[in-house]
Amino acid sequence: MEDQLDDVLAAVGPRLRALRLSSNTTLAVLAEATGISVSTLSRLESGQRRPNLELLLPLAKAHRVPLDELVGAPATGDPRLHLRPIVRRGMTIIPLTRRPGGIQAYKHILPVGQTEAPNPQVHEGYEWLYVLNGRLRMVLGGQDLVMEPGEAAEFDTRVPHWFGRADTGAVEFLSLFGTQGERMHVRARPGSS
């Protein structure tokens, strides 16, 4: 798995250089557009700097290409759907459903970074969370919880809530969001013994 990740990351630099050259853009112009220094851009393109989400997101925006294209991610899901990631407070939120109404699904990615002070919010709805990777800190009402991979939570969003990194590591989690009063229906087949 680690070798695959290294191969994917090694291919990002040449892809970035090809995109920049195909648009006849200089490193200086790209640095101005993204806020990333010329030296960092040069090291990214040459493979001397490992790319991360904080660098790739502004580059994808500047080149007007999906992030998947920068990293050479394989196509997934229905090729007719082009759900665009949302970046909010440093978190990338990827919609996984597109139908109006009903329960909506999202994947949330918090890159490596500093922990934040909680700022609980309330709104109408009901939410379910499932942690995929990393440690998620969740403040829910008077509770302050740290959720590990494989753990899930369900709550009424009218209760003040907030979530972020429990430490400086990256976190990935899934969320399902429904309207107020809508509950998830879980069916489990009894195990045979």
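The structure under discussion appears in the preceding block.
Quick notes on the rules
Residues numbered from 1 in each chain as written. Predicted model: local features only at pLDDT ≥ 70, side-chain atom pairs only at ≥ 80, totals over all residues. Heavy atoms only, no water. Pairing = 2+ DSSP bridges. Helix = DSSP H or I, 4+ residues; strand = E, 2+ residues; numbered from the N terminus. Axes fitted to C-alpha atoms, helices over the stretch in contact; angles between N-to-C directions. 1 Å grid on protein atoms, 1.4 Å probe; cavity = no way out; pocket = protein on both sides within 12 Å on 5 of 7 lines; lining within 4 Å. Points joined across faces, edges and corners; volume = space filled by probe spheres on them. Contact = heavy atoms within 4.5 Å. Salt bridge = Lys/Arg side-chain N within 4 Å of Asp/Glu carboxyl O. Buried < 20%, exposed > 50% of the residue type's maximum accessible area, 1.4 Å probe, protein only.

**Student:** I'd like a rundown of the sheet that holds strand S1 (residues 86–88), residues and numbers included.
**Tutor:** Spatially, six strands are ordered S1-S2-S3-S9-S4-S7 in an open sheet, and the strand pairing comes out antiparallel. A strand with exactly one partner marks an edge of an open sheet, and here the two such strands are S1 and strand S7 (152–156). Sheet twist, expressed as the average angle between the axes of neighbouring strands with direction ignored, equals 25°. Strand direction decides the pairing type here: strand S3 (residues 104–110) and strand S9 (residues 171–178), joined by seven bridges, are antiparallel. Pairing of Leu 110 across the sheet is with Val 171, part of S9.

**Student:** Outline the layout of surface pockets, listing residues and values.
**Tutor:** Its boundaries defined by the atoms lining it, the second largest pocket holds a volume of some 520 Å³. Lining of the second largest pocket is provided by 18 residues; of these, Arg 88, Arg 89, Ile 93, His 123 and Phe 163 occupy positions nearest its centre. Secondary-structure elements contributing two or more residues to the lining of the second largest pocket are S1, strand S2 (91–95), S3, strand S8 (161–165) and S9. The greatest single-element share of the lining of the second largest pocket, amounting to three residues, is contributed by S8.

**Student:** Describe the environment of Trp 162, listing the residues and the values that go with them.
**Tutor:** Along the chain, Trp 162 falls in strand S8. In sequence terms Trp 162 and Val 122 are 40 residues apart; their C-alpha atoms lie 9.0 Å from each other. Once residues within four sequence positions are removed from consideration, Trp 162 is found in contact with Arg 89, Glu 116, Ala 117, Pro 118, Asn 119, Pro 120, Arg 137, Met 138 and Val 139.

**Student:** So what about the pattern of salt bridges? Which residues, and what values?
**Tutor:** Tallied over the entire structure, the rule returns seven salt bridges. Its salt-bridge partner being Lys 107, residue Glu 172 comes within 3.0 Å of it at the nearest N-O pair. With Glu 172 in strand S9 and Lys 107 in strand S3, the pair connects residues that are 65 residues apart, well separated along the chain. Overall, the relative accessible area of 24% leaves Lys 107 in the partly exposed class.

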